[in-house]
Amino acid sequence: MHVLGIDIGGTGIKAAPVDLETGQLLAARQKIETPRPSTPDAVAAVVREQTVSFGWNGPIGCTFPGVVMDGTVWTAANVDKAWIGTDAASLFRKATGGEVTVLNDADAAGVAEMTYGAGKDQPGTVLMLTFGTGIGSALFTDGVLVPNTEFGHIEIRGRDAEKRASERAKELHDLSWGKWAGRVDEYLQHMEALLSPHLIIIGGGISKQADKFVPLLTGIRAKVVPAAMRNDAGIVGAAMAASHTGRHHTGRPGAGEP
Ligand code: BGC
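To continue, consider the packing of helix H1 (residues 40-53) against helix H2 (residues 88-96). Relative orientation of the contacting elements H1 and H2 amounts to 45 degrees, with a least axis distance of 9 Å. Classed by the angle they form, the pair H1 and H2 counts as oblique. The interaxial crossing formed by H1 with H2 has right-handed handedness. Of the residues in H2, those in contact with Pro40, Asp41, Val43, Ala44, Val47, Arg48 and Thr51 of H1 are Leu91, Phe92, Ala95 and Thr96. Here the residues of the contact of H1 with H2 are counted per class, giving seven nonpolar, two polar and two charged.

The structure is reproduced here in structure tokens:
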């Protein structure tokens, strides 16, 4: 089955058709900058543009960088606050004329990694963390997702963790790899104290440069690995949600059962 996956982030909106047999992208992904302000209508126009540019009229899966319950957005830390309370699934359906499923971006990336990537066949507790504009989280126990965890917002040194340790924080404060990895390590220590995961998968934009910082994350017992799909995991997970592949899913009880 082929599904168009669209990954909406605070900085960019990435799209590609995905082959769900293999978890591979069927064409080079397209990236368009997230409009500013990132209002629902402006983002929906980009989703439409990408759908049209791939000539797509099949199912579409879409991520969103906030809590998504039954297709409706509940939080919007890094996009326009007008999103809060918006029925994103209906908005994108209207914009594209197709069937659209919407889920949290880190949940999507996690589901993709658990199915095709670094978390494949991993039992126990697995924590996927995405480092980009914010910090996203996806928590799995024996392969089953607990949707809409928001561990990027735990407090460290009196501040939201993502304000200190996201990829954007690294850029904003011009942190060296060593300095930034120190902050990430401290964050991971908090997460380990709370959840005792067997495995932590690091994704998001910065995972392309995993070799520069993953070896520096030595403060915890859990195994730490980069996402196998790097920053494409969100696109792949979005597509999976639309097809209801696998056991994980959208924050909707019962959705996505095999
Ligand atoms: C949001 C999460 C999202 C993460 C990554 C956070 O600020 O609250 O829902 O997964 O950023 O985009």
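The local shell around the ligand consists of Pro65, Gly66, Val67, Ala77, Asn78, Asn104, Asp105, Ile135, Gly136, Glu150, His153 and Glu162. Interatomic distance of 3.0 Å between a side-chain N/O atom of Asn104 and an oxygen atom of the ligand. Within the side chain of Asp105, one N or O atom sits 2.5 Å away from an oxygen atom of the ligand. Protein chains shield 94% of the accessible area of the ligand, which is 310 Å² for the free molecule. The cavity where the ligand resides is the largest pocket. Class assignment of the residues belonging to the shell around the ligand gives a composition of four nonpolar, five polar and three charged. Each of domain 1 (2-104 + 235-250) and domain 2 (108-231) gives at least three residues to the shell around the ligand.

So, on to the pattern of salt bridges. Evaluated as defined, the whole model comprises six salt bridges. The residue Glu99 makes a salt bridge to Arg93 at a minimum N-O spacing of 3.3 Å. On the basis of relative accessible area, Glu99 is assigned to the exposed category, the value being 51%. With relative accessibility at 32%, the residue Arg93 sits in the partly exposed group. Where Lys120 meets Asp121, a salt bridge forms, and the shortest distance between an N and an O atom there is 3.9 Å.

Right, let's talk about the confidence of the model for the chain for a bit. For the chain, the average pLDDT comes to 94, and 95% of its residues sit at 70 or higher. Under a pLDDT of 50 for its full length, residues 247-258 has, in the predicted model, 38 contacts with residues more than four places off or in other chains.

It is worth spelling out H1 at this point. The terminal C-alpha atoms of H1, which comprises 14 residues, lie 20 Å apart, in line with the 20 Å expected from a rise of 1.5 Å per residue. Among the residues making up H1, those that are buried are Pro40, Val43, Ala44, Val46, Val47, Gln50 and Thr51. Seen end-on, H1 carries its buried residues on one side only, within an arc spanning 155 degrees. Within H1, the exposed residues directed more than 90 degrees away from the buried face are Asp41 and Val52. Buried residues in H1 make contact with strand S1 (2-8), strand S2 (12-19), strand S4 (30-33), strand S5 (60-64) and H2. In the stretch just after H1, Gly55 is the one whose phi turns positive, near 60 degrees.

With that out of the way, let us pick up the domain arrangement of the chain. On domain assignment, one finds that the chain holds domain 1 (2-104 + 235-250) and domain 2 (108-231). Counting residues at the interface gives 25 residues for domain 1 and 22 residues for domain 2. Of the roughly 1800 Å² buried between domain 1 and domain 2, counting both surfaces, carbon and sulfur atoms make up 51%. At the level of secondary structure, the elements contributing two or more residues to the side of domain 1 that touches domain 2 comprise strand S6 (68-69), strand S8 (100-104) and helix H8 (233-243). Per element, the largest residue contribution to the side of domain 1 that touches domain 2 is four residues, and it comes from H8.

With that out of the way, let us pick up the environment of Glu162. For Glu162, the position within the fold is in helix H4 (residues 161-165). Given a relative accessible area of 4%, Glu162 falls into the buried group. For Glu162 and Thr11, which are 151 residues apart along the polypeptide, the C-alpha to C-alpha distance reads 15 Å. Beyond its immediate stretch of four places on either side in the chain, Glu162 contacts Ala77, Asn78, Gly134, Ile135, Gly152, His153 and Ala169. A polar side-chain atom of Glu162 sits 3.3 Å from a polar atom in the side chain of Asn78.

How each quantity is defined
Here the residue numbers are simple positions, counted from 1 along each chain's written sequence. Selection of residues for local features in this predicted model requires a pLDDT of at least 70, selection of side-chain atom pairs for listing and counting requires 80 or more, and totals for whole chains, interfaces and linings are taken over all residues. No hydrogens and no water enter the side-chain calculation; it runs on all heavy atoms of the structure. Here the axes come from fitting lines to C-alpha atoms, over the contacting stretch only for helices, and the angles between their N-to-C directions go from 0 to 180 degrees. For the purposes of this entry, the term helix denotes a DSSP run of H or I that reaches at least four residues, the term strand denotes a run of E that reaches at least two, and both are numbered from the N terminus. Each angle gets one of four labels, with under 35 degrees taken as roughly parallel, over 145 as roughly antiparallel, 65 to 115 as roughly perpendicular, and the rest as oblique. Two helices that cross are described as forming a left-handed crossing if the nearer one is turned anticlockwise from the farther one by less than a right angle, and a right-handed crossing if clockwise. Throughout, a contact is declared for two residues whenever any of their heavy atoms are within 4.5 Å. Only Asp, Glu, Lys and Arg are considered charged in this grouping, and only Ala, Val, Leu, Ile, Met, Phe, Trp, Tyr, Cys and Pro are considered nonpolar; every other residue, Gly among them, is considered polar. We call a residue near a molecule or strand whenever a single non-hydrogen atom of that residue lies within 4 Å of it. Any N or O atom pair separated by 3.5 Å or less is treated as a polar contact, with the protein-specific requirement of one donor-capable and one acceptor-capable atom, and with residues adjacent in sequence counted only for side-chain atom pairs. To be clear on the numbers: accessible area is Shrake-Rupley with a 1.4 Å probe, and residue cover counts the displayed protein chains and nothing else. Detection works on a 1 Å grid of protein atoms alone, calling trapped sets that fit a 1.4 Å probe cavities and calling open sets with protein on both sides within 12 Å along at least five of seven lines pockets, with lining residues defined by an atom within 4 Å of a point. Put plainly, a molecule is in a cavity or pocket when over half of its atoms are within 2 Å of the grid points there. Note: domain ranges come from an automatic or database domain assignment. A side-chain nitrogen of Lys or Arg and a carboxyl oxygen of Asp or Glu constitute a salt bridge if their distance falls within 4 Å. To sort residues, take the accessible area from a 1.4 Å probe on protein chains only and compare it with the maximum for the residue type: under 20% means buried, over 50% means exposed, and anything in between is partly exposed. The quantity called pLDDT is the predictor's confidence in a given residue, expressed from 0 to 100. One less than the number of residues in a helix, times 1.5 Å, gives the span that helix is expected to have. Regarding the arc, it is the one traced by the directions from the helix axis to the C-beta atoms. Two parts placed together each lose some accessible area under a 1.4 Å probe, and the buried area is that loss summed for both.

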